[in-house]
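Each chain, letter by letter, is given below.
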Amino acid sequence: MGEARKGQAVKGQAVKGSSKRPPVKKGPRNLIIFTAIIVVLFVLMVVLNQAAKEPVTLDKAPDITNQPVEGSQEAKVNIVEFGDYKCPTCKAWGEQIYPKLKKDYIDTGKVKFSYINVLFHGEESKLGAIAGESIWAQNPEAFWPFHEALFKAQPAVNHDDLWLTPEKVLEVAGTISPAIDADKLKSDMDSQATLPQVELDEKLVEEFKITGTPTIMINKVKLDDPFDYDAIVKLIEEGQ
Ligand code: CA
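Residues numbered from 1 in each chain as written. Predicted model: local features only at pLDDT ≥ 70, side-chain atom pairs only at ≥ 80, totals over all residues. Heavy atoms only, no water.

For the protein, an unreviewed UniProt entry supplies the name DsbA family protein and the organism Paenibacillus mendelii. Of the comments in the UniProt record for the protein, the one headed Sequence similarities (unreviewed entry) reads "Belongs to the thioredoxin family. DsbA subfamily." (UniProt positions renumbered as here; feature names shortened; annotations may be inferred.)

Structure representation (structure tokens):
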């Protein structure tokens, strides 16, 4: 009760505009300002911390015209892998993340998936890309089995050693179903017939400032960690 009376007295003084008012209100006001500053700093810290971990949202998604597309055309979410058949991390992504993505989202019609070639490992990357584009041109349905089989053929160790040769491509292509025309594939590799498609991919690599493989984009978002399946799921669900 004593405290209440003191409060009433203070209130009365404030209304009258007494000279005692500032010292009486200063304490609570300072406390409020101090608390506000702490709250703002805390919120800023949380936001900055999240920003450091968040994927990067770009102005647009890659244009997938003339690119291999797997899944329903009606799917609202488009995922693009910028990959390289010579890249061991791409092989790992294809074995660890892609099968889950395919089962949960591509085969269920929620996601369409595209692959764009990156040539970070020189002539072997280029040959793999030219071969992939050749098979895509022959029969789009044969592309994904070939894509998977070529990554599978990448050696688990010493992957920097020469392995991606025309002979290896023909051997891998001979195992896939539906079957493709091996002579056409060989002549496309010899003459680099699908080089314009590979160059189109290189332009996208440049446009989207791809610096590592695999880079995974989900619509306009470039993932910070392509192996973070929870982040992939979150972005897909947000896009539905
Ligand atoms: Ca392409």
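Picking up after the structure, the text goes on.
Trainee: In this structure, what is going on with the nonpolar core? I would like to understand it.
Mentor: For soluble globular proteins, nonpolar side chains are generally found buried alongside one another. Counting residues in each nonpolar core, the largest one holds 43 residues, and the members touching the most others are Ile79, Leu101 and Phe146. Take this core: its biggest share by element is 7 residues, from helix 6 (residues 140-153). Leu101 has contacts with Ile79, Trp93, Ile106, Phe113, Tyr229, Ile232 and Ile236, leaving out every residue within four places of it along the chain. The next biggest cluster of nonpolar side chains, apart from the first, holds 10 residues, and it includes Val80, Val118, Phe208 and Met217. (Core = buried A, V, L, I, M, F, W, Y, C linked by side-chain atoms within 4.5 Å. Buried < 20%, exposed > 50% of the residue type's maximum accessible area, 1.4 Å probe, protein only. Helix = DSSP H or I, 4+ residues; strand = E, 2+ residues; numbered from the N terminus. Contact = heavy atoms within 4.5 Å.)

Trainee: Any chance you could explain empty space enclosed by the protein here in plain terms?
Mentor: Vacant regions in the atomic arrangement are exposed by a probe of water-molecule size rolled over the atoms. Summed over the entire model, instances satisfying the criterion amount to 1 cavity of 30 Å³ or more. The volume enclosed by the largest cavity comes to roughly 30 Å³. Lining the largest cavity, in full, are Pro68, Tyr85, Tyr115, Asn117, Ala129, Gly132, Glu133 and Phe143. When residues of the lining of the largest cavity are traced back to their parent elements, those giving at least two are strand 4 (111-117) and helix 5 (122-138). Partitioning the lining of the largest cavity into residue classes produces 5 nonpolar, 2 polar and 1 charged. (1 Å grid on protein atoms, 1.4 Å probe; cavity = no way out; pocket = protein on both sides within 12 Å on 5 of 7 lines; lining within 4 Å. Points joined across faces, edges and corners; volume = space filled by probe spheres on them. Nonpolar A, V, L, I, M, F, W, Y, C, P; charged D, E, K, R; others polar.)

Trainee: Looking at this structure, how should I read unusual backbone geometry?
Mentor: Trans peptide bonds make up the majority, and among non-glycine residues the majority have a negative phi. Here the bond from Ser177 into Pro178 is cis, since omega is 5°, no more than 30 degrees from zero. If you trace the backbone, Pro178 turns up in the loop between helix 7 (166-173) and helix 8 (182-191). For the bond from Thr213 to Pro214, the omega torsion is -5°, close enough to zero to count as cis. As for its position among the elements, Pro214 is in the loop between helix 9 (195-207) and strand 5 (215-218). Backbone geometry at Asn66 places phi at a positive 65°, although glycine is not the residue there. Here Asn66 is to be found in the loop between strand 1 (56-57) and strand 2 (69-70). For Gln192, which is not glycine, the phi torsion reads 55° and is therefore positive. For Gln192, the position within the fold is in the loop between helix 8 and helix 9. Looking at Gln192, the relative accessible area reads 30%, which means it is partly exposed.

Trainee: Would you explain the pairing of strand 4 in this entry?
Mentor: Consecutive residues of a regular strand have side chains that alternate between opposite faces of the sheet. Counting buried residues along strand 4, 7 of its 7 residues qualify, which places the element largely inside the surrounding structure. Judged by which residues are buried, strand 4 turns out to be covered on both faces: Val111, Phe113, Tyr115 and Asn117 on one side and Lys112, Ser114 and Ile116 on the other are all buried. Of the strand pairs in this sheet, strand 2 and strand 4 are connected by 2 bridges, and their pairing is antiparallel. Each bridged residue has a counterpart across the sheet, and for Val69 the counterpart in strand 4 is Ser114. Sheet analysis places strand 3 (residues 77-83) next to strand 4, joined by 7 bridges and oriented parallel. Looking across to strand 4, one finds that Val77 is bridged to Val111. (Pairing = 2+ DSSP bridges.)

Trainee: So what exactly am I meant to see when it comes to a negative patch on the surface here?
Mentor: A contiguous patch of negative charge on the surface is contributed by Asp224, Asp225, Asp228 and Asp230. Turning to its location among the elements, Asp225 is positioned in the loop between strand 6 (221-222) and helix 10 (229-238). (Patch = residues over 30% accessible without salt bridge, like charges linked within 9 Å, V, L, I, M, F, W, Y side chains within 5 Å. Areas by Shrake-Rupley, 256 points an atom, 1.4 Å probe, with all protein chains shown as cover. Salt bridge = Lys/Arg side-chain N within 4 Å of Asp/Glu carboxyl O. Lys, Arg positive; Asp, Glu negative; His and termini not counted. Charge placed at Lys NZ, Arg CZ, Asp CG, Glu CD.)

Trainee: Can you walk me through the packing of helix 3 (residues 88-96) against helix 4 (residues 98-106) in this structure?
Mentor: Helix-helix packing is characterised by the crossing angle of the two axes and by the distance between the axes. Their axes nearest at 3 Å, the elements helix 3 and helix 4 cross at an angle of 35°. On helix 4, the residues that touch Trp93, Gly94, Glu95 and Gln96 of helix 3 are Tyr98, Pro99, Lys100 and Leu101. Each residue belonging to the contact of helix 3 with helix 4 can be placed in one class, and the counts come to 4 nonpolar, 2 polar and 2 charged. (Axes fitted to C-alpha atoms, helices over the stretch in contact; angles between N-to-C directions.)

Trainee: Just to check I follow, could you spell out the packing of helix 5 against helix 6 for this structure?
Mentor: Put simply, helix 5 and helix 6 touch, their axes get as near as 6 Å, and they point 150° apart. When the axes of helix 5 and helix 6 are compared, the pair comes out roughly antiparallel. As helix 5 runs across helix 6, the sense of the crossing is right-handed. The segment helix 5 lies against helix 6, with Gly128, Ala131, Gly132, Ile135, Trp136 and Gln138 engaging Pro140, Ala142, Phe143, Phe146 and Leu150. Taken together, the residues of the contact of helix 5 with helix 6 break down into 8 nonpolar, 3 polar and no charged. (Parallel < 35°, antiparallel > 145°, perpendicular 65-115°, else oblique. Left-handed = near helix turned anticlockwise from the far one by under 90°.)

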